[in-house]
Amino acid sequence: MTDLYSVRMHARAKNDHLCGAERLQTRDGLEAACLELVRRALAHERGVADQVRISIDRVDPGTVVRVPLPTLETWLCDDADRGRQLALRSLVEAGVPQDVASRAMARLAAGPAPGGGVMRGAMLVDVASGERFEPDPARGVRASRMDLDPDTVDALGRGLAALDLDNRHVREALVLAAKVLAAPGMVAELCWSDDPSYTAGYVAAPGFGYRRFPHLKPAGCPLGGRVFFIDRTQISLAALIDYLERTPVLAGGPVRLLPARQPEEA
Ligand code: WAQ
Ligand code: MG
């Protein structure tokens, strides 16, 4: 396999997190990826960037791990209250105790960083105690060094377009969830965007894949984030964080996309 390069973008505005993204590209795709990420940072709906950083690191292709894309399904809802109810139900289905799930969700809704802002990365929450374990609670843990397997790009694009979901939020979140779900001791992930106009979010879990909800927050809200629910008894925290931040991952395999549906009554 040819060389791969990890590309990471992080932008800040007035010392706060504005946006970030991570890719894993061949030499051929490297420049276009950088250009797209710089443009994204400079035209972000969250604000005007004061600082944009791009980091490029060559990755040894022998260390790349391949993981399957999760099955995607949309559970329809009309507003964020209903969406959060369905997300909570999904977290419980995944094995997160109800009180731990609802406390973490309230934290995300209030702005998970100390002081109530958004974090650059995710909260790491222990399912047994609800305790947070990210080494830096203002930053969180940022999954990095991942991308779509080049062999899957076209099939995923066609499949998402057929569902009217071919946008970068969905593509990037599916890849991130694929990496996160492959981590040992991962029970579930909860996410909604911090981009004010993007109201959709998802719960991902090994048992049911990537379950998205069109509304997990009201339009216009600049708060969002991610929670990785972990089983602390099954893992070494250091190994988990190292995997999330450093192991290069390509997500691919069969593309499994289900049509949107109304959830059954609980
Ligand atoms: N690792 C850990 N946390 C991250 C990462 C990462 N690589 N990227 C983003 N986050 C956290 C961070 O706290 C952000 O504030 C928050 O997630 C939201 O990031 O329709 O667009 O890039 O199916 O704004 C999900 C729904 C969209 C897609 C998610 O997130 C769909 C989205 P954003
Ligand atoms: Mg964002």
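The notes below deal with the structure included here. All values derive from a computational prediction rather than experimental measurement.

Coordination of the magnesium ion (ligand 2) by the protein comes from Asp194 (OD) and Asp195 (OD), over a distance range of 2.0 to 2.2 Å. Assessed through its relative accessible area of 13%, Asp194 is described here as buried.

Here we take up the packing of helix H2 (residues 80-94) against helix H3 (residues 98-110). Between H2 and H3, the least distance of the axes is 9 Å, while the angle of their chain directions is 140°. On the basis of their axis angle, the class for H2 and H3 is oblique. Pair H2 / H3 crosses with right-handed handedness. Of the residues in H3, those in contact with Arg84, Ala87, Leu88, Leu91 and Val92 of H2 are Gln98, Ala101, Ser102, Met105 and Ala109. Of the residues contributing to the contact of H2 with H3, the split by class is 7 nonpolar, 2 polar and 1 charged.

Once that is clear, we can look at the site of ligand 1. His169, Asp194, Tyr198, Tyr210 and Arg212 are the nearest of the 24 residues found near ligand 1. Within the contact set of ligand 1, an oxygen atom lies 2.9 Å away from a backbone nitrogen or oxygen of Gly121. Measuring from a nitrogen atom of ligand 1, one finds a backbone N or O atom of Ala122 at 3.5 Å. Alone, ligand 1 offers 700 Å² of accessible surface; in the complex the protein occludes 94% of this. Taking a 2 Å distance to the grid points as the criterion, the majority of the atoms of ligand 1 fall inside the largest pocket. Within the residue set of the shell around ligand 1, elements represented by two or more residues are helix H5 (168-181), strand S8 (186-192), strand S9 (201-205), strand S10 (209-213) and strand S11 (225-230). With 3 residues, H5 is the largest single contributor of residues to the shell around ligand 1. In the shell around ligand 1, the residues fall into 12 nonpolar, 5 polar and 7 charged.

With that settled, the discussion passes to the sheet that holds S10. Strand order in the open sheet formed by 6 strands is S5-S10-S9-S8-S11-S6, and the pairing between neighbours is mixed. On the outer flanks of this sheet lie strand S5 (72-74) and strand S6 (123-126), each paired with one strand and no other. Between one strand and the next, the sheet's axes are offset by a mean angle of 20°, whatever the strand orientation. Where S5 and S10 come together, 3 bridges link them in parallel fashion. Counted as the bridge partner of Thr74 is Arg212 from S10.

Conventions we followed
- Residues numbered from 1 in each chain as written.
- Chains lettered and ligands numbered in written order.
- Predicted model: local features only at pLDDT ≥ 70, side-chain atom pairs only at ≥ 80, totals over all residues.
- Heavy atoms only, no water.
- Donors = N, O, S within 2.8 Å, 3.2 Å for Na, K, Ca; no water.
- Buried < 20%, exposed > 50% of the residue type's maximum accessible area, 1.4 Å probe, protein only.
- Axes fitted to C-alpha atoms, helices over the stretch in contact; angles between N-to-C directions.
- Helix = DSSP H or I, 4+ residues; strand = E, 2+ residues; numbered from the N terminus.
- Parallel < 35°, antiparallel > 145°, perpendicular 65-115°, else oblique.
- Left-handed = near helix turned anticlockwise from the far one by under 90°.
- Contact = heavy atoms within 4.5 Å.
- Nonpolar A, V, L, I, M, F, W, Y, C, P; charged D, E, K, R; others polar.
- Near = heavy atom within 4 Å.
- Polar contact = N/O pair within 3.5 Å; in protein donor to acceptor, adjacent residues only side chain to side chain.
- Areas by Shrake-Rupley, 256 points an atom, 1.4 Å probe, with all protein chains shown as cover.
- 1 Å grid on protein atoms, 1.4 Å probe; cavity = no way out; pocket = protein on both sides within 12 Å on 5 of 7 lines; lining within 4 Å.
- Sits in = over half its atoms within 2 Å of the grid points.
- Pairing = 2+ DSSP bridges.

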